[in-house]
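Commentary on secondary and tertiary structure
Now for the letters of each chain:
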Amino acid sequence: MLETLTVDRPDQLKALGHPLRLRVLEELGARTESLTNRELAQRLGVDPGHLHFHVRMLHRAGLIERAEGGQRREKPYRTAAKAIRVAPELTSAGLSGGLHAAMLDEVQNAFGKFAEQGRFRGAQVTVRLSVEEARKLLREFNTKLDEAEDESEDTVVVTTFFHPPSSTT
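First, a word on what this report is: a plain description of the structure on this page. Since the structure is predicted, the reported quantities are computational estimates derived from the model, not experimental observations. (Residues numbered from 1 in each chain as written. Predicted model: local features only at pLDDT ≥ 70, side-chain atom pairs only at ≥ 80, totals over all residues. Heavy atoms only, no water.)

Topic: the overall build of the chain
From N to C terminus, the chain includes seven helices and five strands. Put simply, the chain runs from its N terminus to its C terminus through helices and strands in the order β-α-α-β-α-α-β-β-β-α-α-α. The 169 residues of the chain split such that 24% are buried. Long-range pairs, those at least 24 residues apart, make up 61% of the contacts in the chain with a sequence separation of at least 6. Just so you have it, the chain exposes about 12200 Å², and 49% of that area is on carbon and sulfur atoms. (Helix = DSSP H or I, 4+ residues; strand = E, 2+ residues; numbered from the N terminus. Buried < 20%, exposed > 50% of the residue type's maximum accessible area, 1.4 Å probe, protein only. Contact = heavy atoms within 4.5 Å. Areas by Shrake-Rupley, 256 points an atom, 1.4 Å probe, with all protein chains shown as cover.)

Section: the packing of helix H2 (residues 19–29) against helix H3 (residues 37–44)
Contact pair H2 / H3: the axes reach a minimum separation of 11 Å and the direction vectors enclose 105°. Compared by their axis directions, H2 and H3 come out roughly perpendicular. Only Leu40, Arg43 and Leu44 of H3 make contact with H2, whose side of the interface consists of Leu20, Arg23, Val24, Glu27 and Leu28. Looking at the contact of H2 with H3, its residues break down into five nonpolar, no polar and three charged. (Axes fitted to C-alpha atoms, helices over the stretch in contact; angles between N-to-C directions. Parallel < 35°, antiparallel > 145°, perpendicular 65-115°, else oblique. Nonpolar A, V, L, I, M, F, W, Y, C, P; charged D, E, K, R; others polar.)

Points about a negative patch on the surface
A grouping of Asp146, Glu147, Glu149, Asp150, Glu151, Glu153 and Asp154 is seen on the molecular surface, where their side chains present a negatively charged patch. Checked against the element boundaries, aspartate 154 lands in the segment after helix H7 (131–148). (Patch = residues over 30% accessible without salt bridge, like charges linked within 9 Å, V, L, I, M, F, W, Y side chains within 5 Å. Salt bridge = Lys/Arg side-chain N within 4 Å of Asp/Glu carboxyl O. Lys, Arg positive; Asp, Glu negative; His and termini not counted. Charge placed at Lys NZ, Arg CZ, Asp CG, Glu CD.)

A few points about the sheet that holds strand E3 (residues 64–66)
Spatial ordering of the open sheet is given by E2-E4-E3, a layout of three strands whose pairing is antiparallel. A single partner strand is all that each edge strand has here, and the edge strands are strand E2 (35–36) and E3. In the sheet, E3 pairs with strand E4 (residues 76–79) via three bridges, with the strands oriented antiparallel. Residue glutamate 65 lies in a different strand from E4, and its bridge partner there is arginine 78. Helix H4 (residues 48–60) contacts E3 and E4 of the sheet and is inclined by roughly 95° relative to E3. (Pairing = 2+ DSSP bridges.)

Overview of the layout of surface pockets
Taken as a whole, the second largest pocket spans an internal volume of roughly 2200 Å³. Together, 43 residues line the second largest pocket, and Val107, Val157, Val158, Thr159 and Thr160 are the ones closest to its centre. Sorting the residues of the lining of the second largest pocket by element identifies H2, H3, helix H6 (97–114) and H7 as the ones contributing at least two each. Looking at which element gives the most residues to the lining of the second largest pocket, the answer is H6, with seven residues. (1 Å grid on protein atoms, 1.4 Å probe; cavity = no way out; pocket = protein on both sides within 12 Å on 5 of 7 lines; lining within 4 Å. Points joined across faces, edges and corners; volume = space filled by probe spheres on them.)

Let's talk about the nonpolar core
Grouped together as the largest cluster of nonpolar side chains are 23 residues, with contacts concentrated most on Val24, Leu28, Leu40, Leu51, Leu58, Leu63 and Ile64. Where this core is concerned, the elements lending two or more residues are strand E1 (2–7), helix H1 (10–15), H2, H3 and H4. With five residues, H2 is the single largest residue contributor to this core. The contacts of leucine 40, once residues within four sequence positions are left out, are Val24, Glu27, Leu28, Leu35, Leu51 and Val55. (Core = buried A, V, L, I, M, F, W, Y, C linked by side-chain atoms within 4.5 Å.)

Next up, the structure:
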């Protein structure tokens, strides 16, 4: 398994552009063992037939891979890498809109589901710094998250963006 997979093809980016496919990657990435389509469907609370389409799309894009084992039609899958990053040339070309929309949809769904339980936290900070410094801080934050990870704990999704204020043209 790769440490980091850089998404550098439009088909890979398209595969990331659906909330269910992001959930599949999160579920596979949160554990050390591989999961079959049926096991994934059960954990995500979706129909296995519906999920199969999304799993195939992630597999064809090289974002997940077949793992050892499995019986008959129940093939186990795992993530292709511990971390996935989108190549800057794809985001700067404006091709990552589907991914961002899927991420925002996931945030919105989690807010609706967990805010009243006190299990959703959000923050927005406006600062003045260069894009290079923002990237550096984001890399440092991701490193800290990796260091703090505790496999005995439940999975938590951390979504980060940085951008100019929407009022800036």
